[in-house]
Amino acid sequence: MVLRAPGHPLEPAELPVPEPGLGQVRIDVTCCGVCRTDLHILDGELDQPKLPLVPGHQIVGTVSAAGDGADRYEIGDRIGVPWLGWTCGECRYCLSGRENLCDRARFTGYDIDGGYAEAAVADERFCFPVPEGFPDDQAAPLLCAGLIGYRALRLVGEAERIGFYGFGSSAHILCQLAVHEGRRVFAFTREGDTANQDFARELGAEWAGSSAETPPEELDGAIVFAADGSLMTAALRASAKGANVISAGIHMSDIPSFPYEQLWGERTLGSVANLTRRDGEEFLDLAPRVPVRTQVTTYELGDANRALDDLRAGRFSGAAVLLCR
Ligand SMILES: [Zn+2]
Ligand SMILES: [Zn+2]
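Reference entry: report on the structure contained in this document. (Residues numbered from 1 in each chain as written. Chains lettered and ligands numbered in written order. Predicted model: local features only at pLDDT ≥ 70, side-chain atom pairs only at ≥ 80, totals over all residues. Heavy atoms only, no water.)

1. Remarks on helix α7 (residues 277-286)
Consideration 1: Residues Asp279, Gly280, Phe283, Leu284 and Leu286 constitute the buried set of α7. Viewed along the axis of α7, the buried residues span an arc of 155°, placing them on a single side of the element.
Consideration 2: Where α7 is buried, its residues touch β7 (128-129), α3 (145-156) and α4 (169-180). (Buried < 20%, exposed > 50% of the residue type's maximum accessible area, 1.4 Å probe, protein only. Helix = DSSP H or I, 4+ residues; strand = E, 2+ residues; numbered from the N terminus. Arc of directions from axis to C-beta. Contact = heavy atoms within 4.5 Å.)

Take a look at the structure:
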């Protein structure tokens, strides 16, 4: 499924089977998770995709060919491909353990063709073995929703009472992890979305309500998953002294101005960007031990536009995953 220009639906296309280059493997894609970032690319809010582009950066499949120098995986190994597709290894960020901020980073399903396809190639150094115990479709959302959510959770710090603003693919995974870590979760959804509020409680949230509501207690930290900048200030107003409020999205509407006293008391507003390979290794080691259970709604590859529309409209709980073969 190919994006030819932002603002247009994806189109089915017959492309040549990609050949792995130096250090790359080819993956026969079984599943690819659908991410809100894919919507931002389709809508032109992230404005420099390669075009035409095969989107998709939560790829699960099996290795079917290896290029020169690629020897990390055997043919038939089950691997996952995340958003971070390549880094330079030599900029000040790469050299200080922050490859997520690499100046020249290339991203899967944005700079590099991704997994809305039957086959993809990827730099093997940026792929991960998929943990046992997760069927392919349930593993796919771990690769961005889980992994970048994990990085956001670490940036929030030791918060006991944690708020999740927007209870979608990422929050439904993080809720399980946070409860596992002994935190208390407060889940915020769109107004009237009682289905997702019930879903949050099922997954261990102590309280669930709409983002217009004030939670019953102050929050020690919050992650904002929805692309609405006013939720950053809502989360700040709900927060106790010392709270970190972290945006986990790659694009967000403007954050409204607010009085300094709401930030005073060592509260911070911050963002999480991308992932490091270390985040991936840590999270994929942790996920089976929680154990995280992902709830997925599956679509055939050719129905990618419908999956994206359903994501936009909030028509399912949990994550959407494309079945690619
Ligand atoms: Zn770099
Ligand atoms: Zn993503």
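2. Focus: α4
Consideration 1: Relative to the 16 Å expected for twelve residues at 1.5 Å per residue, α4 spans 18 Å between its end C-alpha atoms, a close match to the ideal helical length.
Consideration 2: The element α4 is largely enclosed, with a buried count of ten among its twelve residues.
Consideration 3: If you check which residues of α4 are buried, you get Ser169, Ser170, Ala171, His172, Ile173, Leu174, Cys175, Gln176, Leu177 and Ala178.
Consideration 4: On its buried face, α4 is in contact with α3, β8 (161-165), β9 (184-189), α5 (194-202), α7 and β15 (319-323). (Expected span 1.5 Å × (residues − 1).)

3. A closer look at the coordination of the zinc ion (ligand 1)
Each donor-metal-donor angle would ideally measure 109.5 degrees in four-coordinate tetrahedral geometry, or 90 or 180 degrees in six-coordinate octahedral geometry.
Consideration 1: Bound to the zinc ion (ligand 1) are the protein donor atoms Cys88 (SG), Cys91 (SG), Cys94 (SG) and Cys102 (SG), situated 2.3 to 2.4 Å from the metal.
Consideration 2: Every donor counted, the four donor atoms about the zinc ion (ligand 1) form angles of 103 to 117° at the centre, which fits tetrahedral coordination.
Consideration 3: For the zinc ion (ligand 1), all donor residues lie on one chain, and their spacing in sequence is C-x2-C-x2-C-x7-C. For the pair shown, Cys88 and Cys94 are each scored as buried. (Donors = N, O, S within 2.8 Å, 3.2 Å for Na, K, Ca; no water. Tetrahedral: all angles 85-135°; square planar, octahedral: opposite > 155°, others 65-115°.)

4. What about the nonpolar core?
Consideration 1: Among the nonpolar cores identified, the biggest contains 94 residues, and Tyr116, Phe164, Phe167, Phe283 and Leu322 are the most heavily contacted of them.
Consideration 2: Ranked by the residues each element gives to this core, the list is headed by α3, at seven residues.
Consideration 3: Setting aside residues no more than four positions away along its own chain, Phe167 makes contact with His172, Cys175, Ala187, Phe188, Thr189, Asn196, Phe199, Ala200 and Leu203.
Consideration 4: By size, the runner-up hydrophobic cluster in this structure holds 15 residues, among which are Phe186, Ala234, Leu236 and Ala238. (Core = buried A, V, L, I, M, F, W, Y, C linked by side-chain atoms within 4.5 Å.)

5. Observations concerning the packing of α3 against α4
Consideration 1: α4 packs onto α3 with a crossing angle of 60° between their chain directions and a minimal axis gap of 9 Å. As judged from the angle between their axes, α3 and α4 are oblique. For the element pair α3 and α4, the recorded crossing hand is right-handed. Counting all contacts with α3, which are made through Ala145, Gly146, Gly149, Tyr150 and Leu153, the residues of α4 involved are Ser169, Ser170, Ile173, Leu174 and Leu177. (Axes fitted to C-alpha atoms, helices over the stretch in contact; angles between N-to-C directions. Parallel < 35°, antiparallel > 145°, perpendicular 65-115°, else oblique. Left-handed = near helix turned anticlockwise from the far one by under 90°.)

6. Section: the side chain of Ser247
Consideration 1: Residue position: Ser247 is located in strand β12 (residues 239-247).
Consideration 2: If we ignore the near neighbours within four places in the chain, the residues touching Ser247 are Val224, Met232, Met252, Gly270, Ser271 and Val272.

7. With respect to the pattern of salt bridges
Consideration 1: In total, this model carries 22 salt bridges according to the counting rule given.
Consideration 2: One salt bridge connects Arg154 with Glu181, and the closest N-O pair in it is separated by 2.7 Å. With Arg154 in helix α3 and Glu181 in the loop between α4 and β9, this residue pair connects regions lying 27 residues apart in the sequence.
Consideration 3: In this structure Glu181 comes out as partly exposed when scored by relative accessible area, which is 31%.
Consideration 4: Measuring nitrogen to oxygen at the nearest pair gives 2.9 Å for the salt bridge that ties Asp198 to Arg201. In this pair, Asp198 and Arg201 are both assigned in helix α5, three residues apart and thus about one turn of the helix distant.
Consideration 5: Judged by relative accessible area, which is 38%, Arg201 ranks as partly exposed.
Consideration 6: Here the salt bridges share partners, and the residues they tie into one network are Glu160, Arg161, Arg184, Glu206, Glu217 and Asp220. (Salt bridge = Lys/Arg side-chain N within 4 Å of Asp/Glu carboxyl O.)

8. So, the layout of surface pockets
Consideration 1: The calculated volume of the largest pocket comes to roughly 960 Å³.
Consideration 2: Forming the boundary of the largest pocket are 47 residues, of which Arg36, Gly168, Phe225, Ala226 and Ala227 lie nearest the centre.
Consideration 3: Put simply, the parts of the chain that give the lining of the largest pocket at least two residues each are α1 (36-42), α3, α4, β9, α8 (304-313) and β15.
Consideration 4: Estimated volume of the second largest pocket: approximately 520 Å³.
Consideration 5: Lining the second largest pocket are 22 residues, and of these Leu15, Pro16, Ala117, Glu118 and Ala119 lie nearest its centre.
Consideration 6: Here the lining of the second largest pocket takes three residues from strand β6 (residues 119-123), the largest share from any one element.
Consideration 7: For the lining of the second largest pocket, the residue count by class is 16 nonpolar, two polar and four charged. (1 Å grid on protein atoms, 1.4 Å probe; cavity = no way out; pocket = protein on both sides within 12 Å on 5 of 7 lines; lining within 4 Å. Points joined across faces, edges and corners; volume = space filled by probe spheres on them. Nonpolar A, V, L, I, M, F, W, Y, C, P; charged D, E, K, R; others polar.)

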